[in-house]
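Close look at the chain arrangement
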Amino acid sequence: MYDRRDFFKTTTAAAASILVAGAVIPACATKDVMSYTNIVYTKDNPGKWEKKVGSHAPRITVNGGKVTVSTNHPMSNEHFIVRHTLVLRDGTFLGGTTFTPSDKPESHYDLPAGYKGKIFATSFCNKHDFWLTEAMI
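Because the structure is predicted, anything quoted here is derived from the model rather than measured. (Residues numbered from 1 in each chain as written. Predicted model: local features only at pLDDT ≥ 70, side-chain atom pairs only at ≥ 80, totals over all residues. Heavy atoms only, no water.)

1. Some points on the overall build of the protein chain
If you tally the helices and strands in the protein chain, you get 3 helices and 8 strands. Ordered by position from N to C terminus, the α and β elements of the protein chain give α-α-β-α-β-β-β-β-β-β-β. Expressed as a percentage of the 137 residues in the protein chain, the buried residues total 38%. Taking the intrachain contacts of the protein chain between residues at least 6 apart in sequence as the baseline, contacts between residues at least 24 apart amount to 55%. In the form shown here, the protein chain has an accessible surface area of approximately 7700 Å², with 55% of it arising from carbon and sulfur atoms. (Helix = DSSP H or I, 4+ residues; strand = E, 2+ residues; numbered from the N terminus. Buried < 20%, exposed > 50% of the residue type's maximum accessible area, 1.4 Å probe, protein only. Contact = heavy atoms within 4.5 Å. Areas by Shrake-Rupley, 256 points an atom, 1.4 Å probe, with all protein chains shown as cover.)

2. Section: the sheet that holds strand β5 (residues 93-98)
Strand order in the open sheet formed by 5 strands is β1-β8-β7-β4-β5, and the pairing between neighbours is mixed. Single-partner strands in this sheet number two, and they are β1 (40-41) and β5. Note: strand β4 (residues 81-88) against strand β7 (residues 118-125), 7 bridges, orientation antiparallel. Following the sheet pairing, L88 is matched in β7 by I119. (Pairing = 2+ DSSP bridges.)

3. A look at the sheet that holds strand β3 (residues 66-70)
The 3 strands are arranged β2-β3-β6 in an open sheet whose pairing can be described as antiparallel. Taken across any chain shown, the strands that pair with only one partner, and hence form the sheet edges, are β2 (59-63) and β6 (106-110). Recorded for the sheet is a direction-independent mean angle of 20° between the axes of neighbouring strands. Note: β3 against β6, 5 bridges, orientation antiparallel. (Axes fitted to C-alpha atoms, helices over the stretch in contact; angles between N-to-C directions.)

4. Details of the nonpolar core
Counting 10 residues, the largest nonpolar core consists of I60, V67, V69, L86, L88, Y109, L111, Y115, I119 and A121. Looking at this core, the elements with two or more residues in it are β3, β4 and β7. Look past the residues within four positions of I60 in its chain and what remains in contact with it is V67, T68, I119, A121, T133, E134 and A135. (Core = buried A, V, L, I, M, F, W, Y, C linked by side-chain atoms within 4.5 Å.)

5. Observations concerning the side chain of S123
Along the chain, S123 turns up in strand β7. Judged by relative accessible area, S123 falls into the buried class, the value being 1%. Side chain to side chain, S123 and T71 meet in a polar contact 3.0 Å long. Not counting chain neighbours up to four residues away, the residues in contact with S123 comprise H56, P58, T71, I81, R83, H84, D129, F130 and W131. (Polar contact = N/O pair within 3.5 Å; in protein donor to acceptor, adjacent residues only side chain to side chain.)

As structure tokens, then:
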């Protein structure tokens, strides 16, 4: 279990950083460079998982300097949310939470004092891939 969790922590953090780096590519970049179709899914780009948006795209709630990431997803041994991460626009990794099938897929993070800007939350499902939601603070 330890090795799998380390793998997910590392790959999720790396993927989120790559996505954030992509998000800061100048507007003159081509659409092809900005496309993550079939790698990362979003509410607006669910790819083959169009019917899974409501139960897989992470939800971001901000209350003061606290961020809650939740995924409205049932949890079972066969099908569950493996991990959440939260990253700032500049690629700063605020944290990640790894889940077991018996956990509720909800995680909590603290924003840096006075932070204003985009945040990116990810949710990884063991059957329906990697999902990303962004929000503006």
